[in-house]
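Architecture at a glance
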Amino acid sequence: MSLDPLERQTDEGGQELRAQHELVITGGPWPELEGESQTMIINMGPQHPSTHGVLRIMMELDGETVVRAKPVVGYLHTGMEKTGEELTYVQGATNVTRMDYASPLSNELVWSLAVEQLLDVEVPERAVWARMMLVELNRMSSHLLFQASNGMDIGAVSMMLYGWREREETLRLLEMITGLRMNHNFIRPGGIAADLPDGWQDETLRVCDLVEEGIFEYDQLLTANPIWLERMVGVGVITTEQALSLGATGPILRSTGFAWDLRTAQPYLAYEDVDFDVIYTENGDCFDRYRIRLYEIAESVKIVRQCVERMPRGDYRVQDKKVTPPPRARINESMEALIHHFKLFTEGFRVPAGETYTAVESPRGEIGCYLVSDGTGKPARLHIRGPSFYNLGTMPPMMEDRLVADAVAVISSVDPIMGEVDR
Amino acid sequence: MILAADPLFKNGVDGEVVLIVIGKTLVVFALLLVLVLLYIWFMRKVIADMQNRIGPATAGPFGVLQTLADGIKLFFKEQSIPDQADSFVFKLAPYLSALPAFLAFAIVPIGGEVSIAGHQTYLQLADPEIGVLLLLAMSGIGLYGVMLAGWSSGSKYPLLGSVRASAQLISYEAAFSLAIVGVLLWSGTLSTRGIVNGQAWTGWDSFATQWYWAPASIAFVIFIIAAIAETNHPPFDLVEAEQELVGGFHTEYTGIRFGIFFLAEFMNLITMSAIAVTLFLGGPSGPSLGFLPASGTVNAWIMPCFWFFLKLVILLYGTVWIRASLPRLRYDQLMDLGWKWLIELAFLWAMVTGIIIIAKQQDWDLLLVVPAAALGALAVLGFLRLCMPKPGEFMDEVY
């Protein structure tokens, strides 16, 4: 009680931050403070309403201005990559799907593509198109989540519920198709877990209509709102060089005028056969990232519509007995089928020795899977390149010399998913 | 004598008069509390409706008792005081915040002149001759509650919140007072009863000719904006911006102390809306039922109260609508709006109003005076805008 409250509130954390400041990735040289420090070190997070989970940002504040910022990660570390080395290739999909919990199907897709590359199998056409449709539906739901949380972070509270309203419909559709709202484990090495259910076309088209109505509504509500523009335009600016040198991908890179999208840059699945545009803008600010995500929803709707129209008939998983379990009916009548099924789900299938790096475009950027097999039923090494982790590095240059309120807008526009950052 | 204007005190103060005053005090106190309960319920229901939700639905019919249930819960919760807090100031702050909110409501005329137990009296708790100044004083004192709460918490987010609070409330106090001047020039009195009497209902055209919102239209708009900022209501709720400062000045508060802040915030909002009704929308004035006697219960008691509460609910609905739809401003944008626009506009509007009033008194040609005054004001505004620092330009700090 002897100290003056103002004096008490400058703490020792500043020393630590200053000592480490050369380690922090930043957009330019940090200003050196001279004389008596008038700044305050504040920890935004890991428990804070707008840090999207457990992100912690150390900030040095001069009044309300952020002098330095440094994201600190590791609060959601679950050791999923290590766990992946203890699971078979079939079980692996349940593991990776929990990393980016806002777009689990992208994780499953990149895992399955990596395993299939090592196995050297070709999945049937129907599975390819179904995967593409599911991933795009998931991109819609993920970007809708961004619209919701971004609106809330800027203070437009109603936007949160409008975004969730449409997202709910998308998740309900995913539940109808995959059986679960998230962590689906539906895209598996060799194809998809089950065929698309009856009536999926009508339901998908209905959801497409709803989402299109929804994004029109958000556009009306926010895009021309003067307060919204003041809060977003010119805030959190990043250049193409900075974004590239920090390894940022996805909407952050595209907002700087660099039209890099793996769906067109390295086409996978059937993205070459569908018609869609890569959205990119020039300014690299929060408003551009908001716009890109808004219009990407519309592009995803376009792709999903084409998938519904052109979905091929045929098998939904590869008919390779080494990879695919026997059908349920065979198990009841055949001892061999039962044994085969049992072995496949306990030991798993063996994958030829080798390594691969496979990448796809998740809603947040390039999600990559580096997989090493030593010829056994379990991977020798698994590494996931989570786009959120690299995107976090763009926060300090975006935040510095701006106000605390802008820092919140920046966190929101980077849209990190901490499960994917810490893995 | 602060209450002297009320006809209640014409024949001296006796026991009955004291009882009437005590009764009125209790009624106003209870009324404000009930209004807060209902307003919070109303706000949650309306916002829920705008957001495709149901809102509170279980406690009482249509969930109307939800706020009461929350209040009771808060009352029985443990109240923690942070280790580093200045505990005396920490405990004092909520009351500093709530008390002025109660006191400011005392000057609001809810109805006309009525007769209680044979005594003629106004349907308002107090009618001091300096009524509007009392309001400004109370909103100034209310600031201390917020500021001290943040400062005494011994924590960083509340400190940021209270720094924002001091800057925001002091800046908007100026625009707020200058907007009120726009009305005072027309009414010529500081007493709220006097202001309301100046807007008496004389026919259906009184809506435009008598009520001050029309002659003081820009002052009305400035008043509404400044009052929203004064009460920390969205889009100006920077002081407790949840997404930035967790809870702002009340981050460290728990239990009923938090509840009191919450109560004070909504009381301020209701008081400000009631003041806006009084100053600009005629207070309780409105058409009475012609087929009933003018001094009967319905026309003397019910109709004025009805009109007052109707106008109040319309304004409060507006605040809820704003809360549901607008994003929050940033700190520097808020300051820009306050200092670079509202204060100047309110000042110039007061000057133009003064010129028009003098022109009317001196029988000058209004067709000439009004455009000349408006042009002069625009010229001054343009000159002031030119003098302002551009973005990226800083003035030398003076030590």
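From a predicted model like this one, the values you see are computed outputs, not experimental measurements. (Residues numbered from 1 in each chain as written. Chains lettered and ligands numbered in written order. Predicted model: local features only at pLDDT ≥ 70, side-chain atom pairs only at ≥ 80, totals over all residues. Heavy atoms only, no water.)

**Here we look at empty space enclosed by the protein**
Residue and element names in this part refer to chain B. The test is simple: A pocket, in this scheme, is an open set of points on a 1 Å grid over the protein atoms alone with protein on both sides within 12 Å along at least 5 of 7 lines, while a cavity is a set where a 1.4 Å probe fits but cannot get out; residues line either one if an atom lies within 4 Å of a point. Grid points are joined across faces, edges and corners, and a volume is the space filled by probe spheres set on the points. Helix numbers and strand numbers start at the N terminus; a helix is a DSSP run of H or I with at least 4 residues, a strand a run of E with at least 2. Any residue that is not Ala, Val, Leu, Ile, Met, Phe, Trp, Tyr, Cys, Pro, Asp, Glu, Lys or Arg is counted as polar, Gly included; the first ten are nonpolar and the last four charged.
Across all of its chains, the model carries two cavities of 30 Å³ or more by this definition. Roughly 200 Å³ of volume is contained in the largest cavity. What lines the largest cavity is a set of 19 residues, among which Gly 142, Val 146, Glu 230, Asn 232 and Asn 268 lie closest to the centre. Counting only elements with at least two residues in the lining of the largest cavity, the list comes to α3 (87-105), α4 (131-152) and α10 (255-280). Partitioning the lining of the largest cavity into residue classes produces 10 nonpolar, six polar and three charged. Considering only enclosed or pocket space, the second largest cavity measures out at about 40 Å³ in volume. Every residue along the wall of the second largest cavity is listed here: Pro 100, Ala 101, Ala 104, Leu 135, Met 138, Ser 139, Asn 268, Thr 271 and Met 272. Of all elements in the fold, only α3, α4 and α10 reach the threshold of two or more residues within the lining of the second largest cavity. Classifying every residue of the lining of the second largest cavity by side-chain character gives six nonpolar, three polar and no charged.

**What about the layout of surface pockets?**
Gaps left between atoms show up when a probe the size of a water molecule is rolled over them. Put simply, the largest pocket is a space of about 1400 Å³. Together, 46 residues line the largest pocket, and Ile40(B), Met43(B), Phe262(B), Phe266(B) and Arg323(B) are the ones closest to its centre. Sorting the residues of the lining of the largest pocket by element identifies α7 (157-178) of chain A together with α1 (15-50), α2 (66-75), α9 (242-245), α10 and α11 (297-325) of chain B as the ones contributing at least two each. Considering only residue class, the lining of the largest pocket consists of 25 nonpolar, 11 polar and 10 charged.

**A look at the packing of aromatic side chains**
The test is simple: Stacked, edge-to-face and tilted are the three classes for Phe, Tyr and Trp ring pairs, Trp counted by its six-membered ring, which pair at centre distances within 6.5 Å; planes under 30 degrees apart are stacked, over 60 edge-to-face, the rest tilted. When accessible area is computed with a 1.4 Å probe and restricted to protein chains, residues below 20% of their type maximum are described as buried, those above 50% as exposed, and intermediate ones as partly exposed. Ring-over charges, as used throughout, are those where CZ of Arg or NZ of Lys falls within 6 Å of the ring centre and within 35 degrees of the ring normal.
Across all of its chains, the model carries 23 aromatic pairs over all chains by this definition. With a centroid separation of 5.1 Å and 75 degrees between ring planes, the pair formed by Tyr268(A) and Tyr271(A) is classed as edge-to-face. Ring geometry for Phe220(B) and Phe280(B): centres 4.9 Å apart, planes at 40 degrees, overall tilted. Placement of Phe220(B) in helix α8 (residues 217-230) and of Phe280(B) in helix α10 is noted, with a sequence separation of 60 residues between them. Like Phe220(B), the residue Phe280(B) is buried in the burial classification. An aromatic cluster is defined as three or more aromatic residues linked by ring pairs; in this entry it consists of Tyr39(B), Phe258(B), Phe262(B) and Phe266(B). Between Arg385(A) and the ring centre of Tyr390(A), over which it is positioned, the NZ or CZ distance is 4.2 Å. The ring of Phe389(A) has Arg423(A) lying over it, and the distance from NZ or CZ to the ring centre is 5.9 Å.

**Let's talk about the nonpolar core**
Here is the rule: Grouping buried Ala, Val, Leu, Ile, Met, Phe, Trp, Tyr and Cys residues that are joined through side-chain atoms within 4.5 Å yields what is termed a nonpolar core. In what follows, residue pairs with any heavy atoms lying within 4.5 Å of each other are defined as contacts.
In terms of nonpolar packing, the biggest core is built from 112 residues, with Met59(A) and Met133(A) touching the most fellow members. The element best represented in this core is helix α6 (residues 125-154) of chain A, accounting for 13 residues. When near neighbours in sequence (up to four residues on either side) are disregarded, Met133(A) contacts Ile177(A), Leu196(A), Trp200(A), Thr204(A), Val304(A), Cys307(A), Val308(A) and Met311(A). Residues Met43(B), Ala227(B), Leu342(B) and Ala346(B) belong to the second largest nonpolar core, which totals 78 residues.

**Concerning helix α13 (residues 366-387) of chain B**
Residues and elements named next belong to chain B. We count it as follows: Given the number of residues in a helix, its expected span is that number minus one, multiplied by 1.5 Å. Starting at the helix axis, one direction is taken to each C-beta atom, and the arc is that of these directions.
Given a rise of 1.5 Å per residue, 22 residues ought to cover 32 Å, and the 31 Å separating the end C-alpha atoms of α13 matches this to within 8%. Taken together, the buried positions of α13 are Val 369, Ala 373, Ala 377 and Leu 381. Down the axis of α13, the smallest arc covering the buried residues is 100 degrees, so these residues share one side. Seen from the open side of α13, the exposed residues pointing more than 90 degrees away from its buried face are Leu 367, Leu 368, Leu 375, Leu 378, Phe 383 and Leu 386. Tucked inside the fold, the buried residues of α13 contact α12 (331-362).

**So, the sheet that holds strand β3 (residues 65-72) of chain A**
How we decide: Think of it this way: DSSP has to see at least two bridges between two strands before they count as a pair. Each axis is a line fitted through C-alpha atoms, taken for helices only over the stretch in contact, and angles between the N-to-C directions span 0 to 180 degrees.
Strand order in the open sheet made by the three strands is β1-β2-β3 (chain A), with antiparallel pairing throughout. Looking along the sheet, the strands with just one partner apiece sit at the ends: β1 (40-44) and β3 of chain A. Across the sheet, the mean angle from the axis of one strand to that of its neighbour is 20 degrees, orientation sign disregarded. Bridging between β1(A) and strand β2 (residues 56-62) of chain A involves five bridges; their strand directions are antiparallel. Counted as the bridge partner of Ile41(A) is Glu60(A) from β2(A). Seen against the sheet, helix α5 (residues 156-187) of chain B touches β1 and β2 of chain A and runs at an angle of roughly 110 degrees to β1(A).

**Comments concerning unusual backbone geometry**
Excluding glycine, most residues fall at negative phi; most peptide bonds, likewise, are trans. Cis peptide bonds are those with omega within 30 degrees of zero, and the linkage from Pro234(B) to Pro235(B) qualifies with 5 degrees. Note that Pro235(B) resides in the loop between α8 and α9. One non-glycine residue with positive phi stands out, namely Asp401(A), at about 65 degrees.

**A look at the domain arrangement of chain B**
Residues and elements named next belong to chain B. Stated precisely, the cut-off is as follows: These domain limits were set by an automatic method or by a database of domain assignments. As a working definition, buried area equals the accessible area (1.4 Å probe) given up by two parts on being put together, with both sides summed. One speaks of a salt bridge when a side-chain nitrogen belonging to Lys or Arg is within 4 Å of a carboxyl oxygen belonging to Asp or Glu. Two N or O atoms count as a polar contact when they lie within 3.5 Å, although within protein this holds only if one can serve as hydrogen donor and the other as acceptor, and sequence-adjacent residues are included solely when both atoms are side-chain atoms.
By the assigned domains, chain B splits into domain 1 (7-329) and domain 2 (332-389). For domain 1 and domain 2, the distance between their C-alpha centroids amounts to 29 Å. The interface of domain 1 with domain 2 comprises 22 residues on the first partner and 18 residues on the second. Across the domain 1/domain 2 interface, buried area totals approximately 1700 Å², and carbon plus sulfur atoms make up 85% of it. On the domain 1 side of the contact with domain 2, Tyr 172, Leu 178 and Trp 186 bury the most area, a combined 30% of that side's loss. Across the domain 1-domain 2 interface, the total number found is zero salt bridges. There are three residue pairs in polar contact (both at pLDDT 80 or more) connecting domain 1 and domain 2. For the side of domain 1 that touches domain 2, the elements supplying multiple residues, two or more each, are α5 and α8. No other element matches the 12 residues that α5 contributes to the side of domain 1 that touches domain 2. Among the residues making up the side of domain 1 that touches domain 2, the classes are represented as 18 nonpolar, four polar and no charged.

**Re the interface of chain A and chain B**
In this complex, chain A contributes 41 residues to the contact, which on the side of chain B involves 30 residues. Together, the buried faces of chain A and chain B total about 3100 Å²; carbon and sulfur atoms form 58% of this surface. For the pair chain A and chain B, the interface holds two salt bridges. Residue Arg164(B) pairs with Glu64(A) through a salt bridge whose shortest N-O separation is 2.4 Å. For the pair chain A and chain B, the number of links is 11 residue pairs in polar contact (both at pLDDT 80 or more). Among the secondary structure elements, those contributing two or more residues to the side of chain A that touches chain B are α1 (5-8), β1, α6, α7, α9 (226-232) and α18 (404-414) of chain A.

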